Structures are given as C-alpha cells and as structure tokens.
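# Residue-level structural notes
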Amino acid sequence: MAAIYQAVYRRASSLFCRLHSTYIRKMRYLNELKEDDSLCRQAQTSGTFYLFHNLSPFLQKVGKKYLVPQLSAAEMKRILEKFRETEQWIEKSVLISCSDEHVPHFALDLGWDDSSFHLWALEKSIIESELKGSFTDLRKALFVLDEKDSSLLASAQSLLQWHDSHQYCSKTGQPTQKNVAGSKRVCHASGITYYPQMSPVVITLVSDGSRCLLARQPSFPQGMYTALSGFCDVGESVEEAVRREVAEEVGLEVDSLWYSASQHWPFPSSCLMIACHALVRAQQAEISMNSLELEEARWFRLEEIIEGLKREPRFSKQADGILLPWFPPKQAIAHRLICEWVKQQTS
C-alpha cells in the first residue's frame, strides 16, 4: 500500500513540476519579449492578433455564442494589403499574452490615427464586413464572453488606452516612444521611462451580521445594486481606504474587515479592484447616505439576496412597473463578494 501511495505521489509531483515549469517558461518568455525589441519584432511575424476599433474589441457570433477571433500574422498581412495599408500598422500593436506553446498574442487598434507613422483609421464597417463580425463595446463584451477571454480583452483595452493617453512626456511635452512590446514608453529628451499603471480601488461588502448593505449610483442600470467602492487616496492602506469609503458613503463605522480577492477592471481607466468584507455593529447600523455619491443604499436580508442572484436584468421589472433589485453578474468581483456572504450566512 505504501509503495502504491509513493508511486501516486511521485506521479502527481512530477505532473505539478511540469505544469509549474510550463508557467515559469511562459512568464520568462513574455519578459524577454518585453525587454528585447528585436525578439519581439520577430515574434510579431508568428503571433496572433486581437483587433480593436476605438477600444471596442472585434467579436464574431457563432450560434448563440460570442467568440474572440485570433488573426494570424499572415491574415493580418493579407487584410492590410487588401486595404492598401502598410505593415507599419503592426508596429502599433501591444503584447498582451502568449500560449503555453509560446505563440505570442498581440492587440491592435485599427480605429486610431497616428500621424507619426502616417497611418489613418480604417473604416470600421469595411473591416466588419471582411471578417464577418462586429466591433462591440467592451462593457457588453465582458458579459457575453467566457472569463478567460473577458480578462484578456480587458487587459488589452487598458494597455491600448494607456498608450493613447501617454503619447507625450509630462515633463518636457515631447513625444514618447513605445517599445515594440508596448510594455513602456520612453521620452528620449528627458530620459524618463513611463510604465503602464493601475489605480487601486477598494470594493467592500458591508454586513451587520445578518444583513448586507448594497447601493446604487444614478448612472447604474435600472434596478442594479452593488457593493460600495472607491479609489484609494494617496498614502492610504487598503484598510484605511475601506473604513473611509464606508464612513463617507453610508455613515457607518467599520468594526472589522478582511480581504477576499482582487480583479483588474478596465473602467473607468484600468483599476485594480481590491475586494473586502466589512462588519459593522448591528446596534449602530443606521444608514446615513451621502446623496452626492449615491442614489440609494439599503440593507438586504438573506432571502432578498438569494432571489436577486437568480434574477436577470431583463426580468427585474414587474407587471406593475416596480423594479426588483438585481446584482452584478458573475464576471464582476462584486458578485463574488455577495456569494461569499451568502455562503457564510448559510453555512
């Protein structure tokens, strides 16, 4: 029996090492591409490309499913030649990932002018007709794709947007130049190197022990409630940001809090969502809402949360016109926080 156990253990350990080594090799290869312009330029000739137009990703609908096509380098060359465009377009692409087999993935936005390359935006409808798909707003795309594709497109759009907004040095006003991979931009006049950044945001599900607090802003879709969130101030820790946001938005004092998970979110401009749970005292749970920040904030009982998680937005309106509450879909980290609270309440 011991011999069988040891054999199984060795086999499992060997499999883990192989998987682990694949990941390490992949990460190191990506790092090489970011640091070596010539290697990355060579990789562009064998990589695949995700297309965007004015930050909207290109999708194809197959049956009831939406897919994100990956165009080969040869296909990209064919399309550019058909539109009588120069292959300089490829220089505008940014590296976003690679496969386990080291096939690099790039993102390219064909909807932007670039006077430095003498490139002008391609007509969206012509591309859509040629490739039999459509450029779709990212907010919609994130919720019709699987988690892997959603995450990749969110990262790609954030990186493309960062490059578009950092074309000039903040110190000298001179143009900056991206490296081939798009992992940085350099101002040669000042020597300053700029790297893509994310803004930290705390998102917090507040509970008084038996209820959880959800809120909505005027800009939200009708009927949607979610956890409290806000940007971290300079110099704040996550814990300080959570306590401040809860105090500012709903006038409650956090008694204790704990971390749950994190998620990159591309809106409004590349955020790192840091998800936490916070507990307030039931005896001090009267909401004092900040109407400058929120339209509504209220406590939800467990039964309401369970029903709301089952409800889809299009079914939230009753015959009498009353809107029933619904919550963010599973792709959003707020959904995870709500589900964790339900699990804790029912366990």
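Residues numbered from 1 in each chain as written. Predicted model: local features only at pLDDT ≥ 70, side-chain atom pairs only at ≥ 80, totals over all residues. Heavy atoms only, no water.

Looking at an unreviewed UniProt entry, the protein carries the name NAD(+) diphosphatase, with the source organism given as Phalacrocorax carbo. Annotation of the protein in UniProt includes, under Cofactor (unreviewed entry), the sentence "Mg(2+)". (UniProt positions renumbered as here; feature names shortened; annotations may be inferred.)

## A few points about the overall build of the protein
Of regular secondary structure, the protein possesses nine helices and 16 strands. Here the C-alpha coordinates of the protein stretch approximately 65 × 65 × 50 Å along the principal axes. Counting the 347 residues in the protein, one finds 44% classified as buried. Looking at the protein alone, contacts between residues at least 24 apart form 63% of all its contacts between residues at least 6 apart. Summed over its atoms, the accessible surface of the protein is roughly 19600 Å², and 51% of this surface lies on carbon and sulfur atoms. Taking the 39 positively charged and 42 negatively charged side chains of the protein as two groups, their mean positions are separated by 7 Å. (Helix = DSSP H or I, 4+ residues; strand = E, 2+ residues; numbered from the N terminus. Buried < 20%, exposed > 50% of the residue type's maximum accessible area, 1.4 Å probe, protein only. Contact = heavy atoms within 4.5 Å. Areas by Shrake-Rupley, 256 points an atom, 1.4 Å probe, with all protein chains shown as cover. Lys, Arg positive; Asp, Glu negative; His and termini not counted. Charge placed at Lys NZ, Arg CZ, Asp CG, Glu CD.)

## Description of the side chain of Ser 56
Relative to the helices and strands, Ser 56 is located in strand 2 (residues 56–62). Setting aside residues up to four positions removed in sequence, Ser 56 forms contacts with Leu 51, Phe 135, Thr 136 and Asp 137.

## What about a negative patch on the surface?
On the surface, Glu 32, Glu 35, Asp 36 and Asp 37 cluster together into a patch of negative charge. By secondary structure assignment, the location of Asp 36 is in the loop between helix 1 (2–35) and helix 2 (37–44). Using a relative accessible area of 32% as the deciding quantity, one classes Asp 36 as partly exposed. (Patch = residues over 30% accessible without salt bridge, like charges linked within 9 Å, V, L, I, M, F, W, Y side chains within 5 Å. Salt bridge = Lys/Arg side-chain N within 4 Å of Asp/Glu carboxyl O.)

## Quick notes on the sheet that holds strand 10 (residues 193–194)
Read across the sheet, three strands follow the order 8-9-10 without closing on themselves; strand pairing throughout is antiparallel. Every other strand in the sheet has two partners, leaving strand 8 (177–178) and strand 10 as the edge strands with one partner each. (Pairing = 2+ DSSP bridges.)

## Considering the domain arrangement of the protein
Each domain of the protein was delimited in the assignment, giving domain 1 (22–179) and domain 2 (199–346). Tallying the contact residues gives 10 residues for domain 1 and nine residues for domain 2. Between domain 1 and domain 2 lies a buried interface of about 800 Å² when both sides are counted; carbon and sulfur atoms form 66% of it. At the surface where domain 1 touches domain 2, the tally comes to zero salt bridges. In this structure, the connection of domain 1 to domain 2 is made through one residue pair in polar contact (both at pLDDT 80 or more). Elements that contribute at least two residues to the side of domain 1 that touches domain 2 include exactly helix 5 (138–141) and helix 6 (147–165). (Domains from an automatic or database assignment. Buried area = accessible area lost by both parts, 1.4 Å probe. Polar contact = N/O pair within 3.5 Å; in protein donor to acceptor, adjacent residues only side chain to side chain.)

## Observations concerning the pattern of salt bridges
Within the structure shown, the criterion is met by 17 salt bridges. A salt bridge links Glu 91 to Arg 41, with the nearest nitrogen and oxygen atoms 3.2 Å apart. Taken together, the residues Glu 91 in the loop between helix 3 (73–82) and strand 5 (94–98) and Arg 41 in helix 2 connect sequence positions 50 residues apart. Overall, the relative accessible area of 38% leaves Arg 41 in the partly exposed class. The closest approach of N and O atoms between Asp 255 and Arg 281, which form a salt bridge, is 3.4 Å. Here Asp 255, found in the loop between helix 7 (238–250) and strand 14 (256–265), pairs with Arg 281, found in the loop between strand 15 (271–279) and strand 16 (296–300); they are 26 residues apart in sequence, far enough to count as distant. We classify Arg 281 as partly exposed; its relative accessible area is 46%. Through salt bridges that share partners, Asp 233, Glu 236, Arg 244, Glu 245 and Glu 248 make up one connected network.

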